[in-house]
Amino acid sequence: QDASKIAFPIPGGARILSSETGQILNELVNYPEGYPYSFIASFVNNHTIAISFQSYSWTQTDSIDLNTGEMIRRYPELIRCTFNRAGNTMICDLGDLKLFDVATGRTLLQFRSVNQGKYYTVSDNGLYTAYCTPGSETVFLWDTQKGTQIRYLRNNTLSVCATMDFSDDSSLLVTAAGTSWSIPEGTLLTTMEVNTPGLVTISPDKEFVLIYPNVFELQNGKLIAILPSVDDRISDIFFSADSKEIVMVGENKIFHFAVLK
């Protein structure tokens, strides 16, 4: 979260590097039982890492204290788990979607997918979860910690279910279908003209929204730029902390753009 470390999986464990120097800070080799066919390492916070390990005979996700190397909690039978930015919510996508409280291990929410299809996002602070199924005209907004539905977001003139993103302060939700919503009131704020919904992200200052490859002004939905096409499959997009740059992560390359208004 503070960008000081990089984690990536190695056979049987994970390696932690300094982002600034590239120096190896730590190596966790906790799984000598055999080479995994599915393995994910991700940060929960600056001093904790989670490792999802799937071998041919068992699966589990462990959270590990990087300062001591000791395991904090084990989640048997859970794989493909990621975390929200605050590191207080673990999201495991096993066809069905399950959300857990990291501090206690308590199950928070569980969604049964329709025809194995879904879009979802969890706010950075862990307070809200937005969930919908493809083809639906409704996004359901949940209180993650209480496990209760707050309201639904619906536009009578446009299908809204697509990839989604909360603003950093959790006050806005944008869908790649081209709609932005106020979370406190549940009201539709702006619509944007989108031909093919793709990945979506909101700039930290809430001035821009990128619905790949289009960049819009968030306040009025005006299209201000179309990013050049790239020769790679894009898996993640985000703005820099100052909202002046866009980074797109591909399978083979990372693309870096300046935001020009």
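Residues numbered from 1 in each chain as written. Predicted model: local features only at pLDDT ≥ 70, side-chain atom pairs only at ≥ 80, totals over all residues. Heavy atoms only, no water.

A. The arrangement of the overall build of the chain in detail. Tallying secondary structure elements over the chain gives zero helices and 26 strands in all. Computed over C-alpha atoms, the radius of gyration of the chain comes to 19 Å, within 12% of the 18 Å expected from 2.2 N^0.38 for 261 residues, which places it in the range of a compact globule. Along the first, second and third principal axes, the C-alpha atoms of the chain reach 55 × 40 × 30 Å. Carbon and sulfur atoms make up 49% of the accessible area of the chain, which totals about 13,300 Å². When the 19 basic and 28 acidic side-chain charges of the chain are each reduced to a single mean position, those positions are 5 Å apart. (Helix = DSSP H or I, 4+ residues; strand = E, 2+ residues; numbered from the N terminus. Rg over C-alpha atoms; globule rule 2.2 N^0.38 Å. Areas by Shrake-Rupley, 256 points an atom, 1.4 Å probe, with all protein chains shown as cover. Lys, Arg positive; Asp, Glu negative; His and termini not counted. Charge placed at Lys NZ, Arg CZ, Asp CG, Glu CD.)

B. Broad picture of the environment of Asp96. Following the sequence through the fold, Asp96 ends up in strand β10 (residues 96–101). The contact partners of Asp96, leaving out residues within four places of it in the chain, are Gln110, Phe111, Arg112 and Ser113. Of note is the side chain of Asp96, whose polar atom sits 2.6 Å from the side chain of Arg112. (Contact = heavy atoms within 4.5 Å. Polar contact = N/O pair within 3.5 Å; in protein donor to acceptor, adjacent residues only side chain to side chain.)

C. Representation of the side chain of Ser240. Mapped onto the elements, Ser240 comes out in the loop between β24 (234–239) and β25 (245–250). What Ser240 contacts, discounting residues up to four positions off in sequence, is Pro204 and Glu245.

D. Representation of the pattern of salt bridges in the model. For the structure on display, the rule yields eight salt bridges. Between Asp93 and Lys118 there is a salt bridge, and its shortest N-O distance comes to 3.0 Å. Within this pair, whereas Asp93 is found in strand β9 (residues 89–94), its partner Lys118 is found in the loop between β11 (107–111) and β12 (119–122), the two being separated by 25 residues in sequence. Judged by its relative accessible area of 16%, Lys118 falls in the buried class. Of the charged contacts in the structure, one is a salt bridge between Arg154 and Glu137, with a shortest N-O distance of 3.2 Å. Here Arg154 is found in strand β15 (residues 148–154), whereas its partner Glu137 is found in the loop between β13 (128–132) and β14 (138–143), with 17 residues between them in sequence. Owing to a relative accessible area of 40%, Arg154 belongs among the partly exposed residues under this scheme. (Salt bridge = Lys/Arg side-chain N within 4 Å of Asp/Glu carboxyl O. Buried < 20%, exposed > 50% of the residue type's maximum accessible area, 1.4 Å probe, protein only.)

E. Highlighting the state of the cysteines. Counting across every chain of the model gives two disulfides. In this model Cys81 forms its disulfide with Cys92; the gap between the sulfur atoms is 2.1 Å. One quick way to see it: the torsion about the S-S bond of Cys81 and Cys92 is about 105 degrees, and its sign makes the bridge right-handed. Within this pair, whereas Cys81 is found in strand β8 (residues 81–83), its partner Cys92 is found in strand β9, the two being separated by 11 residues in sequence. A relative accessible area of 1% places Cys81 in the buried class. Look at the chain and number its bonded cysteines as they come in the sequence; the links are 1-2, 3-4. (Disulfide = S-S within 2.5 Å.)

F. A look at the side chain of Ser170. In this structure, Ser170 sits in the loop between β16 (164–166) and β17 (172–175). Overall, Ser170 belongs to the buried group, its relative accessible area being 4%. In this structure the side chain of Ser170 is engaged in a polar contact, spanning 3.2 Å, whose partner is the side chain of Asn125.

G. Region of the structure containing the sheet that holds strand β1 (residues 5–10). The strand order across the open sheet built from three strands is β1-β2-β3, with neighbouring strands paired in antiparallel fashion. Lying at the two open borders of the sheet, with one neighbouring strand each, are β1 and β3 (24–29). The average undirected angle you get between the axes of adjacent strands in this sheet is 15 degrees. (Pairing = 2+ DSSP bridges. Axes fitted to C-alpha atoms, helices over the stretch in contact; angles between N-to-C directions.)

H. Looking closely at the packing of aromatic side chains. What the rule picks out here adds up to four aromatic pairs. Each ring, one from Tyr128 and one from Phe166, has its centre 6.3 Å from the other, and the planes form 25 degrees; the classification is stacked. With Tyr128 in strand β13 and Phe166 in strand β16, this pair connects stretches of sequence that are 38 residues apart. In this structure Phe166 comes out as buried when scored by relative accessible area, which is 3%. Members of the aromatic cluster, joined through ring pairs, are Phe111, Tyr131 and Trp142. (Phe/Tyr/Trp six-rings, centres within 6.5 Å; stacked < 30°, edge-to-face > 60°.)

Honestly, that's just the spatial picture; any functional story needs more than this.
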